[in-house]
Amino acid sequence: MELATTTNLPSSDLDAFWMPFTANRQFKASPRLLVAAEGMYYTTSDGRQIIDGTAGLWCVNAGHGRREIADAVQKQVMQLDFAPTFQMGHPAPFELATRLVELLPGDLNRVFFTNSGSESVDTALKIAIAYHRLKGQGARQRLIGRERGYHGVNFGGTAVGGTGANRKLFGNIVTGIDHLSHTHNLEHNAFTRGQPKWGEHLANELERLVTLHDASTIAAVIVEPVAGSTGVLLPPVGYLQKLRQICDKHGILLIFDEVITGFGRLGKPFAADYFGVIPDIITVAKGITNATVPMGAVFVREEIYQTFVQGIENGIEFFHGYTYSGHPVACAASLATLDIYKKEGLLTRVSEIADYWENAVHSLRGLPHVIDLRNLGLVGAIELESIPGKPGARGYETFVKCYQQGALVRAAGDNIALSPPLIIEKQHIDELFGVVTDVLKQLA
Ligand code: PLP
């Protein structure tokens, strides 16, 4: 394979691209460029192979460079590059929706397509508000998220998200939002293997918010079953069940944002299966196409869909959609991805390696600055003690050193998050943790 080697890029070549969620000046002064990928590995611009400890950004679940997906994409582009899905249709999204529904729990059997996790979240929030309105409960407009939640970067997702840094430049861009507390607690739960035992009672905060605002004003609660982007925060045993009960009691819709947990990350197709809690709406993206082509989707329960199609006498039921909702090429990529997941059993594979993974994560206990280790399915987190006055600096240093020494990991503040492709083998786990161990030992 011929590789573009771009080590000596003149600085002007890096100027024009305003990089997302990146310290642009710092990056451009010392770039980290990936130029190829195959299986569990990326190739860097200086010709090194580094192990992918993050499945890209929690999205390349079936590993890199899958020929089947590339072939399907190429074929689709040549056969039907684009066709609208507004008052027109083409076969691919119908076929894909039917295939997706077969994987979904309960009566989540209607699919709305988007192009990203952020779009899925904002679509889900709009569905929730419109649903109540169609039921004659137009006052239910309030949305409840959770501290340290991440639901993408569009208006609704930013508002229900609970990450200070993501919100602070935008003020109250959307009003009528409230947040539950996050469930992370080092005092009670540090070094727990799997789900923490302490913290179920934190779901009762939803009752407090209902008392404060009145249920008649609340449309939906949105949570990530496992919060990823803010450092892997695990739901305490019983917590999600309790949220479900409280939502049911008050007629509030429960939305699971499964953008990172969907498609096998916990050893079941969805976190809803893993935790045995069926929400009213699920949002996904990322693994739906193995990240080859942007795509997202929103899954809704039958009753929600029927409320729209029965509730509007004729004409368009939901004035919402994207030019690329159900894009033929994304659908082709997704269908090929689902074939791989099925053929290789990837949506349940993690359950076979989860114990090995857990032991690897917890092998880091006792290394310098490690104040917590967390794991569930094929997700891991290493929480490092912050350098006083410099939050995030130690996490960033760890990430850069891992990159230099052979592994892609992700820093979320002083948490290192790990979420490799689901095809990972034991020797890859050893390799990944070998690099991480070495780096942690080098930290000042
Ligand atoms: N929701 C969750 C839980 C996510 O982790 C992400 C991305 O990491 C998003 C939404 C946003 O997805 P996207 O970046 O595709 O818009």
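Residues numbered from 1 in each chain as written. Predicted model: local features only at pLDDT ≥ 70, side-chain atom pairs only at ≥ 80, totals over all residues.

## Examining the overall build of the chain
Along its length, the chain carries 17 helices and 15 strands. Expected size for 444 residues packed as a compact globule is a radius of gyration near 22 Å; at 22 Å, the chain falls within 12% of this value. Dimensions of the chain, computed from C-alpha atoms along their principal axes, come out at roughly 65 × 55 × 45 Å. Split into buried and exposed, the 444 residues of the chain put 48% on the buried side. Taking contacts inside the chain between residues at least 6 apart in sequence as the whole, the part at least 24 apart equals 73%. (Helix = DSSP H or I, 4+ residues; strand = E, 2+ residues; numbered from the N terminus. Rg over C-alpha atoms; globule rule 2.2 N^0.38 Å. Buried ≥ 20, exposed ≤ 12 C-beta atoms within 10 Å, placed from the backbone. Contact = placed C-beta atoms within 7 Å.)

## Description of the domain arrangement of the chain
Accessible area lost upon the coming together of the parts is a frequently used measure of interface size. Domain boundaries in the chain define domain 1 (12-62 + 345-442) and domain 2 (69-343). Relative to domain 2, the C-alpha centre of domain 1 lies at a distance of 25 Å. Within the residue set of the side of domain 1 that touches domain 2, elements represented by two or more residues are α3 (55-58), α15 (346-362), β11 (370-376), β12 (379-384) and β15 (415-418). If one sorts the elements of the side of domain 1 that touches domain 2 by residue count, α15 sits on top with nine residues. (Domains from an automatic or database assignment.)

## Concerning the environment of Glu187
Mapped onto the secondary structure, Glu187 falls in helix α9 (residues 186-189). Residues Glu187 and Phe113, 74 residues apart in the sequence, show an inter-C-alpha distance of 41 Å.

## Describing the confidence of the model for the chain
Across the chain, the average pLDDT comes to 96, with 97% of residues at or above 70. Scored as a whole, the predicted complex attains pTM 0.97, and scored at its interfaces, ipTM 0.99. (pLDDT = per-residue confidence, 0-100.)

## Examining the nonpolar core
Ranked by internal contacts, the top residues of the largest apolar core, which has 122 residues, are Ala128, Ala220, Val221, Leu243, Leu253, Ile255 and Ile281. A per-element tally of this core places helix α14 (residues 328-343) first, with eight residues. Inspection of this core shows a minimum of three residues originating in each of domain 1 (12-62 + 345-442) and domain 2 (69-343). Not counting residues within four places of it along the chain, the set of residues in contact with Leu253 comprises Ala128, Tyr131, Ala219, Ala220, Cys247, Asp280 and Ile281. (Core = buried A, V, L, I, M, F, W, Y, C linked by C-beta atoms within 7 Å.)

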